[in-house]
Structure formats: structure tokens, C-alpha cells
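Below, each chain spelled out in residue letters.
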Amino acid sequence: MKKLLFILFSTFLFSNAPLPVPHVDVKAFSGLWYEVARTYNSYQKDCVASSVEYALQNDSTYKVFNRCFENIIGGDLIEYKGTAEPKNGNSMSKIDMTYFYIFTREYRVIYLEKDYSAAVVTDEEMDQVWVLSRKPQLPKRKLKKILSKLEKKMDVKRLIFTPQDKKGRYK
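The rules behind each value
- Residues numbered from 1 in each chain as written.
- Predicted model: local features only at pLDDT ≥ 70, side-chain atom pairs only at ≥ 80, totals over all residues.
- Heavy atoms only, no water.
- UniProt positions renumbered as here; feature names shortened; annotations may be inferred.
- Helix = DSSP H or I, 4+ residues; strand = E, 2+ residues; numbered from the N terminus.
- Rg over C-alpha atoms; globule rule 2.2 N^0.38 Å.
- Buried < 20%, exposed > 50% of the residue type's maximum accessible area, 1.4 Å probe, protein only.
- Contact = heavy atoms within 4.5 Å.
- Lys, Arg positive; Asp, Glu negative; His and termini not counted.
- Charge placed at Lys NZ, Arg CZ, Asp CG, Glu CD.
- Pairing = 2+ DSSP bridges.

Per an unreviewed UniProt entry, the chain goes by the name Lipocalin family protein and belongs to Sulfurovum xiamenensis. Per its UniProt entry, the chain bears the Sequence similarities (unreviewed entry) comment "Belongs to the calycin superfamily. Lipocalin family."

Rendered as C-alpha cells:
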């Protein structure tokens, strides 16, 4: 028993994996989110005005619509469709995202404003990080607060700030 407790404690103590927020309401999290910033990933390399929309289904899963314009706002639309399934019952704190029916990866919400106006979603290694907002622009004070929390977990210089359409156009 002592060995098991030591292993569990050591794993928790030395793990760099970001902890998800305790509970994320599936209904409140659904809807449109604008990307404020992200870490580099090859599938978004030409994206501006990126957004993600979580469309809640009756079984508490989501249809997911990732959209952006190619290179310039108003340019050609790039869209990826997928699904998301909560891993913790009725909480979106950890989700399995699936694209093209075969690519599944776990993501977690590691930061969430109480009013669901801003969030940070990341993979376990924090290689892929997204700062999201319900509006195209996040107030500077809120962004600064989020960045200061992220600084404790990653090099925030890795973040790419996403140009957004001032009118909120996303498709």
C-alpha cells in the first residue's frame, strides 16, 4: 500500500500535464468560440479568423466545426468537421476530439472564466494550446490574466495571436 501511494504521489508531483478545471458544463460550453491565440500546428498554418463551434447533441456529445479563412480575412474558407465526447461523464473538462473518423486525441479545458466568456484548451503535453473567447477580441485585462496563468506552464512566446474580423465574421 505504501508503494502504491508513493507511486501515485510521485506521478502527480512530477507530472507536467496541466490539470483540467474541475467541471465544465456541456451546455454552457457549447456554441461558438473565437481563437485568440494558439501554438503552432500544421493544420492551421494558413489560418486567420479561426473559430470553433461546439454543437451539442442529445447524448451530450458535440459536432465540432473548426473554421478559418485561408491567409486573409474573407479569403477561402477552410473547415474541419469532427466530434467531441466528454471523458468525465457530463463534464467537458476532458474531451476526446475525433476528426476524419479515425484521428482521436484527448484535450482538456485548463482555464475557464466563470461566465464561460474565455477558456484555454490544450492537449496533455501542452504542445497544442488554444486561447478562446466568445467574442472576436478578448479584453486586454482578461488576456493578460490568462497569459500570466499560462506562463507558469509554458513559454507564452510560443503563442501565435490570431487576427480576427472585427465584426466577428467566421464563415
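1. A few points about the overall build of the chain
Secondary structure summary: the chain contains 3 helices and 9 strands in total. Tracing the chain from N to C terminus, the helices and strands come up as α-α-β-β-β-β-β-β-β-β-α-β. Relative to a compact globule of 171 residues, whose C-alpha radius of gyration would be 16 Å, the chain shows 17 Å and is just as compact. Projecting the C-alpha coordinates of the chain onto the three principal axes gives extents of approximately 60 × 35 × 30 Å. Across the 171 residues of the chain, 46% fall into the buried class. In the chain, once contacts between residues fewer than 6 apart in sequence are set aside, the share between residues at least 24 apart is 53%. Distance between charge centroids for the chain: 7 Å, based on 29 positive and 20 negative side chains.

2. Examining unusual backbone geometry
In the Ramachandran plot, S60 falls in the positive-phi region, its phi being about 65° despite a non-glycine side chain. Positionally, S60 belongs in the loop between β2 (47-56) and β3 (62-70). Not every positive phi belongs to a glycine, and Y101 is a case in point at roughly 65°. Here Y101 shows up in the loop between β5 (91-99) and β6 (103-112).

3. Let's talk about the pairing of β6
Pairing analysis gives 6 bridges linking β5 to β6, with the strands arranged antiparallel. Bridge pairing in β6 links Y99 to F103. Counting the residues that bridge the hairpin from β5 to β6 gives 3 residues, and of these F100 lies at a positive phi of roughly 55°. Direction of pairing for β6 relative to strand β7 (residues 118-123): antiparallel, over a ladder of 5 bridges.

4. Describing the UniProt feature "domain: Lipocalin/cytosolic fatty-acid binding" (unreviewed entry) in the chain
Here the UniProt feature "domain: Lipocalin/cytosolic fatty-acid binding" (unreviewed entry) sits at residues 24-164. Between the first and last C-alpha atoms of residues 24-164 the distance is 26 Å; the span itself is 11% helix and 50% strand.

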